[in-house]
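Listed below, chain by chain, are the residues.
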Amino acid sequence: KLFSKNDRAFNLGPQPIENGPRLYDKYDALFLPTLLETFSASYPEAMKMNKPIITSNLDFAIDVCENAAMYFNPLDPNDIAEKIINTFKPETKEKLIKNGQKRLSKLETSKSRKDKYLKVFNDILNNFE
């Protein structure tokens, strides 16, 4: 409801996965305010689509994004506004995108995660034989 009177920020609600690339192309950044999360595919998706990330300064986000995001206190509207403005300084935006590309190359893929899970499961099964 708060976004309905704003022509600069949009809350699109849930979207089907096939809309992802089109949506990332259409918008200027990933803005992901959150207080509770364990992992979000949105971070690597934004990195892949060369979008700067503006998100909560919380451990899980820092673990995923490292220096590829602009972090804010999710309970401080002034800090959030300041970080949004700072993100769009050309040198900052370019640096975040460049750092995102570097970080993305170090993140696990779905296949590498699957392979690690299978190894753990196989190790457990082998210990019971």
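Everything here concerns the structure above.
The rules we used
- Residues numbered from 1 in each chain as written.
- Predicted model: local features only at pLDDT ≥ 70, side-chain atom pairs only at ≥ 80, totals over all residues.
- Heavy atoms only, no water.
- Core = buried A, V, L, I, M, F, W, Y, C linked by side-chain atoms within 4.5 Å.
- Buried < 20%, exposed > 50% of the residue type's maximum accessible area, 1.4 Å probe, protein only.
- Helix = DSSP H or I, 4+ residues; strand = E, 2+ residues; numbered from the N terminus.
- Contact = heavy atoms within 4.5 Å.
- Salt bridge = Lys/Arg side-chain N within 4 Å of Asp/Glu carboxyl O.
- Polar contact = N/O pair within 3.5 Å; in protein donor to acceptor, adjacent residues only side chain to side chain.

A.B. asks: Please provide a residue-by-residue account of the nonpolar core, values included.
C.D. replies: Counting residues in hydrophobic clusters, the biggest one holds 15 residues, and the most contacted among them are L30, Y43, M47, I53 and C65. Sorting the residues of this core by element identifies β1 (30-32), α2 (42-48), α3 (59-65) and β3 (69-72) as the ones contributing at least two each. Looking at this core, the element that brings in the most residues is α3, giving 4 residues. Residues within four places of L30 in sequence aside, it is in contact with S42, Y43, A46, K51, P52, I53 and I54.

A.B. asks: If you had to explain the pattern of salt bridges to someone new, which residues and values would you point to?
C.D. replies: By the definition in use, this model includes 6 salt bridges. The partner of K111 in a salt bridge is D115, and the shortest N-O contact between them spans 2.9 Å. Placement of both K111 and D115 in helix α6 (residues 110-128) is noted, with a separation of 4 residues, approximately one turn of the helix. Its relative accessible area of 32% is what places D115 among the partly exposed residues.

A.B. asks: Residues and numbers for the side chain of R103, please.
C.D. replies: Looking at where R103 falls in the secondary structure, it is placed in helix α5 (residues 90-104). Side-chain polar atoms of R103 contact the backbone oxygen of V64, separated by 2.7 Å. Discounting residues that sit within four places of it in the chain, R103 has contacts with M47, D63, V64, C65, E66 and A68.

A.B. asks: Please give an account of the environment of F88 that cites residues and values.
C.D. replies: Assignment of secondary structure puts F88 in the loop between α4 (77-87) and α5. Residue class for F88 comes out partly exposed when judged on its relative accessible area of 36%. Spatially, the C-alpha atoms of F88 and D63 are 23 Å apart, while their sequence positions differ by 25 residues. Filtering out sequence-adjacent residues up to four positions away, F88 remains in contact with D28, A29, I54 and K93.

Nothing here speaks to function; it is all geometry.
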